[in-house]
Amino acid sequence: MLNLAAPVAEVRKIAALRANGIGDLIFVVPALVALRHAYPRAELVLLGQAWHARFLRDRPGPVDRVIVVPPSRGVNGSETTDGDPAALNRFFAAMRAERFDLALQLHGGGRHSNPFVRRLGARLTAGLKSVDAEPLDRWVPYVYFQQEFMRYLEVAALVGARPVELEPRLAVTPADRAEAAEAVPPEARPLAVLHPGAGDPRRRWPAEHFAAVADALAAAGARVGVIGSGSERPIVDAILGGVRGGVIDLCDRLSLGGLAGLLQRTRVVVSNDSGPLHLAAAVGARTVGVYWCFNVFTSSPLTRTHHRPLTSWQTHCPECGASCVTGRCEHAHSLVGSVSVAAVREAALELLAAG
């Protein structure tokens, strides 16, 4: 049960810090929705990155406005070096002029983000606190093994925001759908999408495994597309070269909004634990996710009707045998390759057939 505090009186403006990736944004959507319902007349401002401003502009949802955070140590910049002090001083002066009533740290353990939030000058601060972080006015302990949606709902509850939804839902706009239709014109055959990338190479399922699943989906009557961007090009090419039939190359062909539009009309998405996987679930797609054992506890969906998280329990580097729990070696070998092709194929075909 959430420890629900009483709502704060006379709140007209709320700042929420979450200046990182697409999956990270998806994880805090239920908390942002809870804040919107608890304070319907307040302006809810996301302190984020430039891509947040582009993606959320004109998109229905709980956020009213995005303010872009300049590079700041441990927030949206290096863990070891500070950003431009003059730019940060100007930013914090502007934030104090906003006169936020509430400032919520929805960013992580708080070692760097809690001092950041305190400098905003809000009437009340709330957020997470790891053992090495300074406290905010109201805080809950940051414990790694907690589901991310629930973690941030606990923070929202500190200021009286009751949960409205447990899993995130993200609006898709007509512009998103139009861009997706131009890239992949709709047709009668169901669409299946594969995403072989991940920010950490150790979370990448082998390309040949994805190719085998692509062949199975195509044999079952699906059109299959492979998405990716930037440095994921070689992985996408490896899949395209390993399949027996035709696969649609969608690498770097869609904006984030266009990707949301495509995923909304996709029958099943097969992906590593990554931003596109969480985006797919938020726009209503069925998903098969390949997770490392630590991450399945924190970032897999709460429900199983439309989602199948499959887990690798590999905890040591396949090359040198070093523990990946207590530290990290120099190698970047996959820790999720032990998830079987048969298990992913069976889950993907089941969701494809569900219709």
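A. Structural detail: the side chain of Arg202. You can see Arg202 is positioned in the loop between strand S7 (191–195) and helix H7 (207–219). Sequence-distant contacts of Arg202, defined by excluding residues within four places in its chain, comprise Cys324, Arg328, His331, Ala332, His333, Ser334, Leu335 and Val336.

B. Spotlight on the pattern of salt bridges. Under the criterion given, the structure shown has 20 salt bridges. The partner of Arg18 in a salt bridge is Glu148, and the shortest N-O contact between them spans 3.9 Å. In this pair, Arg18 sits in the loop between strand S1 (13–17) and helix H1 (22–38) while Glu148 sits in helix H5 (residues 148–157), placing the two residues 130 residues apart along the sequence. We classify Glu148 as buried; its relative accessible area is 11%. Here Arg118 and Glu134 are joined by a salt bridge, their closest N and O atoms 3.3 Å apart. With a gap of 16 residues between them, Arg118 in helix H4 (residues 113–118) and Glu134 in the loop between strand S5 (124–129) and strand S6 (138–141) connect regions that are remote in the sequence.

C. Representation of unusual backbone geometry within the structure. The backbone phi angle of Glu10 is positive, close to 55°, even though this residue is not glycine. Tracing the backbone through its elements, the reader meets Glu10 in the segment before S1. Residue classification places Glu10 among the exposed residues on the basis of a relative accessible area of 73%.

D. Summary view of the packing of aromatic side chains. Scanning all chains against the criterion turns up twelve aromatic pairs. Measuring from centroid to centroid gives 5.8 Å for Phe91 and Phe116, while their planes differ by 35°, and the two rings are tilted. Linking Phe91 in helix H3 (residues 85–98) with Phe116 in helix H4, this pair joins segments that are 25 residues apart in sequence. The pair formed by Phe91 and Phe116 is uniform in burial state, with each residue classed as buried. On the numbers, 5.0 Å between centres and 85° between planes, the contact of Tyr144 with Phe145 is edge-to-face. These aromatic residues form a ring-pair network of at least three members: Tyr144, Phe145, Trp292, Phe294, Phe297 and Trp313. Over the face of the ring belonging to Phe100 we find Lys13, whose NZ or CZ atom lies 5.9 Å from the ring centre. A cation sits over an aromatic face here: Arg59 above Phe55, 4.0 Å from the ring centre.

E. Structural view of the sheet that holds strand S11 (residues 286–292). Read from one edge to the other, the open sheet built from six strands follows the order S9-S8-S7-S10-S11-S12, with strand pairing classed as parallel. Because the sheet does not close on itself, it has two edges, and the strands there are strand S9 (248–251) and strand S12 (307–312). When strand polarity is set aside, the average angle formed by the axes of neighbouring strands in this sheet is 15°. Across the face of the sheet, helix H9 (residues 256–264) comes into contact with S7, strand S8 (223–228), S9 and strand S10 (268–272) while running at roughly 130° to S7. On top of the sheet, helix H12 (residues 341–354) reaches S10, S11 and S12; it is set at about 160° to S11, its chief contact.

F. Just a nonpolar patch on the surface, in detail. On the surface, Tyr144, Phe145, Phe297 and Trp313 cluster together to form a nonpolar patch covering roughly 470 Å² of accessible area. Relative to the helices and strands, Phe145 is located in the loop between S6 and H5.

About the cut-offs
- Residues numbered from 1 in each chain as written.
- Predicted model: local features only at pLDDT ≥ 70, side-chain atom pairs only at ≥ 80, totals over all residues.
- Heavy atoms only, no water.
- Helix = DSSP H or I, 4+ residues; strand = E, 2+ residues; numbered from the N terminus.
- Contact = heavy atoms within 4.5 Å.
- Salt bridge = Lys/Arg side-chain N within 4 Å of Asp/Glu carboxyl O.
- Buried < 20%, exposed > 50% of the residue type's maximum accessible area, 1.4 Å probe, protein only.
- Phe/Tyr/Trp six-rings, centres within 6.5 Å; stacked < 30°, edge-to-face > 60°.
- Lys NZ or Arg CZ within 6 Å of the ring centre and 35° of its normal.
- Pairing = 2+ DSSP bridges.
- Axes fitted to C-alpha atoms, helices over the stretch in contact; angles between N-to-C directions.
- Patch = residues over 30% accessible without salt bridge, like charges linked within 9 Å, V, L, I, M, F, W, Y side chains within 5 Å.
- Areas by Shrake-Rupley, 256 points an atom, 1.4 Å probe, with all protein chains shown as cover.

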